[in-house]
Amino acid sequence: QVQLVESGGGLVQPGGSLRLSCVASGFAFSSFAMSWYRQAPGKERELVAGIGSPGTNTNYGNSMEGRFTISRDDGKDTVYLQMNSLKPEDTAVYYCNARRVLTLRKYDYWGQGTQVTVSS
């Protein structure tokens, strides 16, 4: 059974930091590209950051590079998102995504999300 379980969200003041974790199970984690997305109320889901397999390539959404850092630990089947200098506009539900595209099949898994609220 495929599972992606996010944790680490919560309430933080502007300028603060949070570290999100996503623990995977039920699939070959090291073979999948991993990403974090977020969705704020009334807005579309957007890419926050992605990391390839192996974790040599990363990419970030607009306004996130320089503040957010994605990393992965294949030995722990876990992907992380370190978020610094948080702003109120970073408030959203953050989702973990695992994706692998093969010639004849695409695998696309999502977690349930973790709420991040940036407010004073």
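Throughout what follows, the structure given in this document is the object of discussion. These numbers were taken from a predicted model, which means no experiment stands behind them.

**Re the state of the cysteines**
Logical step 1: The tally for this structure, following the rule as stated, stands at one disulfide.
Logical step 2: With a sulfur-sulfur separation of 2.1 Å, Cys22 is cross-linked through a disulfide to Cys96. An S-S torsion of about -85° defines the bridge between Cys22 and Cys96 as left-handed. Taken together, the residues span a long stretch of sequence, with Cys22 in strand β3 (residues 18-25) and Cys96 in strand β9 (residues 92-101) at a distance of 74 residues.
Logical step 3: For Cys96, a relative accessible area of 0% translates into the label buried.

**Here's the deal with the sheet that holds strand β7 (residues 68-73)**
Logical step 1: Within the open sheet, the four strands sit side by side as β1-β3-β8-β7. Their pairing is antiparallel. Looking at which strands have only one partner, the edges of the open sheet turn out to be β1 (3-7) and β7. Neighbour-to-neighbour, the strand axes of the sheet open up by a mean angle of 15°, direction not taken into account.
Logical step 2: Judged from the five bridges that link them, β1 and β3 form a sheet pairing that is antiparallel. Residue pairing in the sheet places Gln3 in a bridge with Ser25 of β3.

So, how was this worked out
- Residues numbered from 1 in each chain as written.
- Predicted model: local features only at pLDDT ≥ 70, side-chain atom pairs only at ≥ 80, totals over all residues.
- Heavy atoms only, no water.
- Disulfide = S-S within 2.5 Å.
- Helix = DSSP H or I, 4+ residues; strand = E, 2+ residues; numbered from the N terminus.
- Buried < 20%, exposed > 50% of the residue type's maximum accessible area, 1.4 Å probe, protein only.
- Pairing = 2+ DSSP bridges.
- Axes fitted to C-alpha atoms, helices over the stretch in contact; angles between N-to-C directions.

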